[in-house]
Amino acid sequence: EPAPDGAPPPTGEGARKDVATKLIDGGDRFIEKGRAYQRRGRSEKARAEFERALAAYRKAHALVENPKIYFAIAGAEEELARWLEAARHYQQVLALVENTATNHALRAAAAARLEDTRQYLGVVTVRVKPTQARVTVDGAPVALGPDGVLFLAPGSYTVAFTAERYTPLEVKITVEAGSESERTFQLEPTPVLVEAPKRP
């Protein structure tokens, strides 16, 4: 089982990996126990086990950064119906794992699970010019990947765009579960005011 909170962090890369492996194994056991409780209709007990699994995976990731741990974190978030967090972690797996023969299975699994989460979220593909514009959703910064895909829980949001030498833009959008849309935004260059010289 995971080390209790407050335990001193292990030193040395080998020790951190050993502890992370134990945490992941413990998280996997919590997931299995949670699913067993779920099958028996004991949803509160199941939820508690899934929360324990998520905590174990997060501690493992704090010790060793590994895309496979992101995948495990996303799986626990799915069990807890935290679709937005799960989608973002599956996106991180795809962003971090190179598309090679060795990683094909992990990438394929992350892509399939990401696709499954779409039915619970709204998917907005954002195209913005200039491309270096900073994007916030309800004031929180978001990073648009090269594909510009933004996953949002159903609801209404204020999306703002800012860039140097451009007039900021703010728009309201509403998304529904399972919806997909594409939006294009163009920021206007900030006008340069030149004052006429004054007569002495």
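See the structure shown above.
Residues numbered from 1 in each chain as written. Predicted model: local features only at pLDDT ≥ 70, side-chain atom pairs only at ≥ 80, totals over all residues. Heavy atoms only, no water.

Draft legend 1. Inspection of the sheet that holds strand 6 (residues 169–175) at higher detail. An order of 3-2-5-6 is seen for the 4 strands of this open sheet, with the pairing classed as antiparallel. Looking along the sheet, the strands with just one partner apiece sit at the ends: strand 3 (140–142) and strand 6. Taking each pair of neighbouring strands and ignoring which way they run, the sheet shows an average axis angle of 35°. In this sheet, strand 3 lies alongside strand 2 (residues 134–137) in antiparallel orientation, the contact comprising 3 bridges. The partner of Val135 across the bridge, within strand 3, is Val142. (Pairing = 2+ DSSP bridges. Helix = DSSP H or I, 4+ residues; strand = E, 2+ residues; numbered from the N terminus. Axes fitted to C-alpha atoms, helices over the stretch in contact; angles between N-to-C directions.)

Draft legend 2. The arrangement of the pairing of strand 1 (residues 122–129) in detail. Within strand 1, 6 of the 8 residues are buried, which leaves the element mostly enclosed by the surrounding structure. Sheet analysis places strand 1 next to strand 4 (residues 149–152), joined by 4 bridges and oriented antiparallel. Each bridged residue has a counterpart across the sheet, and for Val123 the counterpart in strand 4 is Phe151. Across 7 bridges, strand 1 lies against strand 7 (residues 180–186) in parallel orientation. Note that in strand 7 the partner of Lys129 across the bridge is Gln186. (Buried < 20%, exposed > 50% of the residue type's maximum accessible area, 1.4 Å probe, protein only.)

Draft legend 3. Just the packing of helix 3 (residues 67–79) against helix 5 (residues 104–117), in detail. It is at 11 Å that the axes of helix 3 and helix 5 come closest, and there the two elements cross at 25°. With respect to helix 5, the element helix 3 is oriented roughly parallel. In this structure, helix 3 meets helix 5 at a crossing whose hand is left-handed. When helix 3 is examined against helix 5, the residues Lys68, Phe71, Gly75 and Glu78 are found in contact with a partner set consisting of Leu106, Ala109, Ala110, Arg113 and Thr117. For the contact of helix 3 with helix 5, the class distribution of residues is 4 nonpolar, 2 polar and 3 charged. (Parallel < 35°, antiparallel > 145°, perpendicular 65-115°, else oblique. Left-handed = near helix turned anticlockwise from the far one by under 90°. Contact = heavy atoms within 4.5 Å. Nonpolar A, V, L, I, M, F, W, Y, C, P; charged D, E, K, R; others polar.)

Draft legend 4. Representation of the sheet that holds strand 1. Within the open sheet, the 3 strands sit side by side as 4-1-7. Their pairing is mixed. Sheet topology places strand 4 and strand 7 at the edges, where each strand pairs with a single neighbour. On average, each strand axis in the sheet is inclined to that of its neighbour by 30°, with strand direction left out of account.

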